[in-house]
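Topology and contacts: notes
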Amino acid sequence: MVYQPPAGARDLLPLDVAQKRWIEERLQQVFHRWGYHQIITSTLERMDTLMAGGAIQRSTVIQLQNAEDEDLGLRPELTASIARTAVTRMGGVTYPQRLYYNANVFQRTRELKHNRQQEFYQAGVELLGSGGLLADADILLLLANCLQALGLQRWYLVLGEAEITRSLIKAFPPHLQGKVRSAIAHLDRITIDSLPLTDELKERARIMLDLRGNPADVLQKVSSLGLDEPLQAAVNNLKALVELLYESEKIGTHSSHGIGMEIILDLSLIQTLDYYTGIVFEVVSDTDGQARVVGRGGRYDHLLELYHPQGENIPGIGFALLLEDLQQVLLSGGQLPQTAPPINWLVVPEDKSAYTAAFTYAKKLRDSTHLVRVEIDLGGRNTDEIREYASDRNIAQIAWIKADGSTTIEPVV
Ligand SMILES: N[C@@H](Cc1c[nH]c[nH+]1)C(=O)O
């Protein structure tokens, strides 16, 4: 019998863990500095929670069944679970609530044959109870601060607006809206040309594909589409947000806290999660010409009411950073540790009568500073082999201990 993990599952070895922790610790510090508290929700949820009123497709969830025949699944993301927790378990709290998480998620992919990954890690935040421009900007500045803390070099923010995009798509015949949506999401001009649409609608779809680029240009183009009042208000909001971010950034760049945010406005940006009601965004890292999405999020002002016992409406906005993708990018940038943390000391009892003295010395070392790593040599090796072991493992020093407690310290070459 060969014991393999199930297809798509992951084991993280010590070096992976060291790199993952490096990222997580930096993010956690930023989250704390911005007033966020950690929340841990259940990995397992009822399917109806996970699907968030149809915003998340059943087919993307790994489903399970328990003895009570409940319809359960492994969370594919955390926003729905946090929305559920906030309104069902945190009654009486004052808003806004600032919550962050660091957790694994499971996403079912159809291409299992190639052992496509199904378990991922995300670190993210949810800001609950505040709608509007200030909260939007606060979240995006927090996002920029996270990326800065990681030392991510070249990245840009793709910013869209779910309501505007949704309403632009509504102009298409209902039975084709799904196809148009997917073609636009994939920037697929060929499909758009081949769809049975009037010339006018094809042109509209092409314009939508072009609603991507420098914010000022895109805002001008979208205004030419003759939007109705509420949508024009959403466009104006977007404009105000971009201005606020650039202004805040200017202040940042003059101090040592330049956030270096470049914004690409993209009104064709469509997220597969369909609970968004306002701004949506992706962080794209662009290293060596290779673009990779390392985070995403947006505003969801009608998600919490789905779970609220009285259907009360509480707005929300948040983002998730995708830890595997960040790890890949940071690895190629050379920021991450290349080895698991080294051991500082190997404490070697010279014979049986020195065991107690060795444990006492190891304890003294461990108590001396909280960052020290100390191993006891467990025997079975001669002096040369011990030196070789210490050098292979990059251990800095050996402490040879005699029964009377006398110690010889030897730096490892
Ligand atoms: N949960 C979303 C990201 C997000 C957090 N908050 C809002 N959106 C995702 O996994 O893509």
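Just so we're clear, the structure is a prediction, and the values are computed from it rather than from any experiment.

Reading guide: rules and limits
Residues numbered from 1 in each chain as written. Predicted model: local features only at pLDDT ≥ 70, side-chain atom pairs only at ≥ 80, totals over all residues. Heavy atoms only, no water. UniProt positions renumbered as here; feature names shortened; annotations may be inferred. Buried < 20%, exposed > 50% of the residue type's maximum accessible area, 1.4 Å probe, protein only. Contact = heavy atoms within 4.5 Å. Helix = DSSP H or I, 4+ residues; strand = E, 2+ residues; numbered from the N terminus. Polar contact = N/O pair within 3.5 Å; in protein donor to acceptor, adjacent residues only side chain to side chain. Near = heavy atom within 4 Å. Areas by Shrake-Rupley, 256 points an atom, 1.4 Å probe, with all protein chains shown as cover. Nonpolar A, V, L, I, M, F, W, Y, C, P; charged D, E, K, R; others polar.

Under the local residue numbering, the UniProt record ascribes the feature "binding site: L-histidine" (unreviewed entry) to E77, L78, T79, Q122, E126, Y275 and Y276. Q122 gets classed as buried once you look at its relative accessible area, which sits at 3%. Setting aside chain neighbours within four positions, we find Q122 in contact with E77, L78, Y101, N102, A103, V105, Q107, R296, A320, L321, L322 and L323. Position of E126 relative to the elements: it lies in strand β6 (residues 119-128). Residue E126 is classed as buried on the basis of its relative accessible area of 1%. Once residues lying within four places of it in the same chain are set aside, the contact partners of E126 are Y36, T79, I82, Q97, R98, L99, Y101, Y300, I317 and G318. Within polar-contact distance, the side chain of E126 engages the side chain of T79 at 2.9 Å.

Here the focus is unusual backbone geometry. Residue P96 is reached from Y95 by a cis peptide bond, and omega for that bond is 5°. By secondary structure assignment, the location of P96 is in the loop between α3 (79-89) and β5 (97-106).

Moving on: the site of the ligand. Neighbouring residues of the ligand: 15 residues in total, closest E77, T79, E126, Y276 and R296. For the ligand, a nitrogen atom lies 3.1 Å from a polar atom in the side chain of Y275. G318 is positioned such that a nitrogen or oxygen atom in its backbone is 3.3 Å from a nitrogen atom of the ligand. For the ligand, whose unbound accessible area comes to 300 Å², protein coverage reaches 99%. Residue assignment for the shell around the ligand shows that the elements contributing at least two residues are β6, β11 (290-299) and β12 (316-322). Residue composition of the shell around the ligand, grouped by class: 7 nonpolar, 5 polar and 3 charged.

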